[in-house]
Amino acid sequence: MADCRTSTLDYFPENILIDILSYLGVRELIRTGRVCKRWRRLVKDQRLWRAVDLTAWKGVTSRMLWVLLRQYLGTGLRCLRLRGLLLSARGGAFLSESWLKALSSRCPRLRSLSLLHADLRGLRSCQLLPTTLQVLELRGCELPQSFFTQTPPSPEKQAGATSTASTQQQGRGQSGKVPASTSGIAIETMVLDNVPSFTDLHLQSLASWLKLSRLELRNVLRVTAEGLRRSAAQETDSGLNGLSRLKYLEIGHFGRPGAQLQMASLGLGVGWLGLEELSLGGKEVGPGLLSASRLRDLKRLRLRCCKLREMQVLRSCRMLRELRRLEFCEVFFQVCPKTPERGGEGERQGEEGKDNGADGGDGSDDKLDENDPVPSLRRSLAALLPQCTLVFTNCTVTITSD
């Protein structure tokens, strides 16, 4: 009994302690580092700082960001989520050019940046963001007019970057292509959610982003159909213009009833070369379906949070011969009651409809299949598009008398 000792955390290997610390948030990690020197060293391990989410931490100031960057954030950071002071009574500056430069140098592996309620009007351009970013999410932010404009680098900087890359390549003793200048924007995915200052000019300036392949526009009220037409990839005498590398586009409007609606999805009627996936949501579904028939390269179509009729879908999808997948997510299908057929069978169906009450159904609603809520729509689309797969998720069917 005298040889028995009380087990403490000091007996655990560091790998196990790091796994335990990975379940803590940012605040808890910082407090844990104040326990002792060993825990402070463990807390600074970069495996704990790969994905940092500060959106739940209200009132994060620029001073706190500097402390996090100098003491904790480093080469292990991959994803960073920040919450600004746009809706805070404290106000003040949040992101500065010097902090973004320090973030680029200390976190060279940062791939995703998400900003919530951040005031970015103090930044000249998005080129101040880390050049390693591949995903940029802006939710409820304020933007300057020329934020997305990409200015070409000066000849001195471009020559210096090329010579530096060549020197590094010769030092490794490997042959291959010299990497491009790091001054360009390498963002591949852009998410804009409830950004009131985002306009048609911002959308058109995204055409200079050579690697942008996915664009999500949600509740962006100042983007019009004309702006979408001017940004669409079109073939001209000088080549492709607009967002020519875009493969995925999402347009959704989920605002309150009575909110201003621009029907921006009508701009898809001009056609969009190379666009393979389209997602329409809310009030943009109706206008978007009217124009989706002009998208000849479309392979996947997703409709969510809307009300649809069977004929509305058939009229829009009959021209999409390349469509391979059609998804319905939280869609309310409005179906007309079936007309009674001739003969005794029709009379029996009519009697069953009277017994079922005011719904006017034939008893099949009680056995509604969640994977196939509208069998007639599936049969009609199978005849028009035999290679298209239909997916229903949380859809409901309402029988109307119209």
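Calculation notes
Numbers given to residues run from 1 along each chain, matching the order in which its sequence is written. Where totals are concerned, whole chains, interfaces and linings use all residues; where local detail is concerned, this predicted model gives features only for residues with pLDDT of at least 70, and gives and counts side-chain atom pairs only at 80 or more. Hydrogens and water molecules were not included; the side-chain quantities draw on all heavy atoms of the structure. Stacked, tilted and edge-to-face pairs are distinguished by plane angle, under 30 degrees for stacked and over 60 for edge-to-face with tilted covering the rest, among Phe, Tyr and Trp rings (Trp via its six-membered ring) whose centres lie within 6.5 Å. Here the axes come from fitting lines to C-alpha atoms, over the contacting stretch only for helices, and the angles between their N-to-C directions go from 0 to 180 degrees. Per the convention used, a helix needs a DSSP run of H or I reaching at least four residues, while a strand needs a run of E reaching at least two, with both numbered from the N terminus. Roughly parallel means an angle under 35 degrees; roughly antiparallel, over 145; roughly perpendicular, 65 to 115; everything else is oblique. Take the far helix as the reference: if the near one is turned anticlockwise from it by less than a right angle, the crossing is left-handed, and if turned clockwise, right-handed. Contacts between residues were defined by any pair of non-hydrogen atoms, one from each residue, lying within 4.5 Å. Three categories are distinguished: nonpolar for Ala, Val, Leu, Ile, Met, Phe, Trp, Tyr, Cys and Pro, charged for Asp, Glu, Lys and Arg, and polar for the others, with Gly belonging to the last. Within the patch definition used here, like charges are joined within 9 Å and nonpolar side chains (Val, Leu, Ile, Met, Phe, Trp, Tyr) within 5 Å, considering only residues with over 30% relative accessible area and no salt bridge. Accessibility throughout is a Shrake-Rupley quantity obtained with a 1.4 Å probe, and a residue counts as covered only by protein chains that appear here. Salt bridge criterion: a side-chain nitrogen from Lys or Arg within 4 Å of a carboxyl oxygen from Asp or Glu. Charge counting follows a simple rule: Lys and Arg are positive, Asp and Glu are negative, and His as well as the terminal groups are ignored. Charged side chains are reduced to one point each, which is NZ for Lys, CZ for Arg, CG for Asp and CD for Glu. Here the term buried applies to any residue with accessible area under 20% of the maximum for its type, exposed to any over 50%, and partly exposed to those in between, with areas from a 1.4 Å probe on protein chains only. In this description, the arc belongs to the directions extending from the helix axis to the C-beta atoms. What pLDDT expresses is the predictor's confidence in each residue, scored from 0 to 100.

Colleague: Help me out: how do you make sense of the packing of aromatic side chains in this one?
Modeller: Given two aromatic rings, their pairing is described by the distance between the two centres and the angle made by the two planes. Taken as a whole, this structure holds seven aromatic pairs when the rule is applied. By way of ring pairs, the aromatic residues Phe147, Phe148, Phe198 and Trp209 are connected into one cluster.

Colleague: Would you mind showing me how to read the packing of helix α4 (residues 62-71) against helix α5 (residues 97-106) here?
Modeller: Two quantities define a packed helix pair, namely the angle between the axes and the distance from one axis to the other. At a minimum axis distance of 11 Å, the contact between α4 and α5 shows a crossing angle of 20°. Judged on the interaxial angle alone, α5 and α4 are roughly parallel. At the point where α4 passes α5, the crossing takes the left-handed sense. Where α4 approaches α5, its residues Leu65, Trp66, Leu69 and Arg70 are matched on the opposing element by Ser98, Trp99, Ala102, Leu103 and Arg106. The residue inventory of the contact of α4 with α5, partitioned by class, reads six nonpolar, one polar and two charged.

Colleague: Explain a positive patch on the surface here, please?
Modeller: Taken together, the side chains of Arg50, Arg78, Arg109 and Arg111 present a region of like positive charge at the surface. As for its placement among the helices and strands, Arg50 is situated in the loop between α3 (37-43) and β1 (51-53). Given the relative accessible area of 47%, Arg50 is considered partly exposed.

Colleague: How should α4 be read in this particular structure?
Modeller: Every buried residue belonging to α4 is among Leu65, Leu68 and Leu69, and all of these are buried. Here the buried residues of α4 occupy an arc of 95° about the axis, which is enough to place them on one side. Of the exposed residues in α4, the ones pointing more than 90 degrees away from its buried face are Arg63 and Arg70.

Colleague: For this particular structure, what's the right way to read the pattern of salt bridges?
Modeller: When the charged atoms of two side chains with opposite charge come close together, those side chains can pair. Summed over the entire model, instances satisfying the criterion amount to 18 salt bridges. Asp193 is the partner of Arg139 in a salt bridge, and the nearest nitrogen-oxygen pair spans 3.4 Å. Taken as a pair, Arg139 in strand β4 (residues 135-139) and Asp193 in strand β5 (residues 189-193) lie far apart in primary sequence, 54 residues in all. A cluster of three or more residues bridged by salt bridges with shared partners is formed by Asp53, Arg81, Glu137, Arg139 and Asp193.

Colleague: When you look at the side chain of His202 in this model, what are you seeing that I'm missing?
Modeller: With respect to the helices, strands and loops of the structure, His202 is situated in helix α7 (residues 200-205). Overall, His202 belongs to the buried group, its relative accessible area being 3%. Those residues in contact with His202 that sit more than four places away from it in its chain are Leu143, Pro144, Gln145, Phe148 and Ser197.

Colleague: Just checking my understanding: could you explain the confidence of the model for the protein for this structure?
Modeller: In regions of low pLDDT, the predicted coordinates are not meant to be interpreted in detail. Looking at the protein, the pLDDT average stands at 82 and 79% of residues meet or exceed 70. Within the model, pLDDT remains below 50 along residues 175-182, and this stretch shows ten contacts once partners closer than five positions in the same chain are excluded. This stretch, residues 342-366, has a pLDDT under 50; its non-local contacts, to residues over four places away or in other chains, come to 14 contacts.

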